[in-house]
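Fold and contact review
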Amino acid sequence: MAALIHTAGLQAKKSAEGLRLFCMVEVLYAAGLRVSELVTLPLAAARARDGFLLIKGKGEKERLAPLNNAARTAIADYMALR
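Below is a short write-up of the structure.

Criteria and cut-off values
Each residue is numbered by its place in its chain's sequence as written, counting from 1. Whole-chain, interface and lining totals are the exception, using all residues; otherwise, since this is a predicted model, local features are given only for residues with pLDDT of at least 70 and side-chain atom pairs are given and counted only at 80 or more. Based on all heavy atoms of the structure, the side-chain values leave hydrogens and waters out of the count. Only residues whose relative accessible area exceeds 30% and that form no salt bridge enter a patch; like-charged residues are grouped when within 9 Å of one another, and nonpolar side chains (Val, Leu, Ile, Met, Phe, Trp, Tyr) when within 5 Å. Computed with a 1.4 Å probe, the accessible areas rest on the Shrake-Rupley method; for each residue, only the protein chains presented here act as cover. In the sections that follow, a salt bridge refers to a side-chain nitrogen of Lys or Arg positioned within 4 Å of a carboxyl oxygen of Asp or Glu. To qualify as a helix, a DSSP run of H or I must reach at least 4 residues; to qualify as a strand, a run of E must reach at least 2; elements of each kind are numbered from the N terminus. Whether a residue is buried, partly exposed or exposed follows from its accessible area with a 1.4 Å probe, protein chains only, as a fraction of its type maximum: under 20%, in between, or over 50%, in that order. Here, nonpolar core means buried Ala, Val, Leu, Ile, Met, Phe, Trp, Tyr and Cys residues that are tied together by side-chain atoms lying within 4.5 Å of each other. Any two residues whose heavy atoms approach within 4.5 Å are treated as being in contact. Every axis in this analysis is a line fitted to C-alpha atoms, fitted for helices over the stretch in contact. Angles between the N-to-C directions lie between 0 and 180 degrees. Convention used here: angles under 35 degrees read as roughly parallel, angles over 145 as roughly antiparallel, angles from 65 to 115 as roughly perpendicular, and any remaining angle as oblique. Handedness of each helix crossing follows the sense of rotation of the near helix against the far helix: counterclockwise by less than a right angle gives left-handed, clockwise gives right-handed. Throughout this entry, Asp, Glu, Lys and Arg are counted as charged residues, while Ala, Val, Leu, Ile, Met, Phe, Trp, Tyr, Cys and Pro are counted as nonpolar. The remaining residues, Gly among them, count as polar.

A word on a nonpolar patch on the surface. The grouping of M1, L4 and Y29 at the surface amounts to a nonpolar patch, some 320 Å² of accessible area in total. Counting through the fold element by element, L4 comes out in helix α1 (residues 2-12). Given a relative accessible area of 48%, L4 falls into the partly exposed group.

Right, here's the structure in full:
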């Protein structure tokens, strides 16, 4: 996982798409999301405060997923560019 995050971090320095990829990998790992949950997150979820995301998973069940500092920083960097 460390190699995946490192490689995505290298891409983040090259382009906006790379920064988006890095953000997605950080959030995927930090919050323990399924890929299907990640790609269906609304933009408003990225603006979440308190360090948590509200995730709608299988069967429309909701849960709180914590974000570490690295994921919050990646989201902030991506939102600033977006």
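There is more to say, and it comes next.
Quick look at the pattern of salt bridges now. One pass over the structure, following the stated rule, counts 3 salt bridges. In this structure, R34 and E37 form a salt bridge, with 2.7 Å as the shortest nitrogen-oxygen distance. Classification of R34 as partly exposed rests on a relative accessible area of 39%. The partner of R63 in a salt bridge is E37, and the shortest N-O contact between them spans 2.8 Å. Linking R63 in strand β2 (residues 62-66) with E37 in helix α3 (residues 35-39), this pair joins segments that are 26 residues apart in sequence. Classification of R63 by relative accessible area gives partly exposed; the value is 30%. Counted as one network, the salt bridges with shared partners bring together R34, E37 and R63.

Take the nonpolar core next. In terms of nonpolar packing, the biggest core is built from 20 residues, with F22, C23, V27, L33, L53 and L67 touching the most fellow members. Secondary structure elements with two or more residues in this core: α1, α2 (16-31), β1 (52-56) and α5 (69-81). With 6 residues, the single largest contributor to this core is α2. Those residues within four positions of C23 in sequence are excluded, and the remaining contacts are A74, I75 and Y78.

When two helices pack together, their arrangement is given by the angle between the helix axes and by the axis-to-axis distance. Interhelical geometry of α1 versus α2 gives an angle of 155° and a closest axis separation of 7 Å. The orientation of α1 with respect to α2, classified from their angle, is roughly antiparallel. For the pair α1 and α2, the crossing hand works out as left-handed. Two secondary-structure elements touch here, α1 through L4, I5, A8, G9, Q11 and A12 and α2 through G18, L19, L21, F22, V25, E26 and Y29. Here the contact of α1 with α2 is composed, by residue class, of 9 nonpolar, 3 polar and 1 charged.

Geometry only, nothing functional implied.
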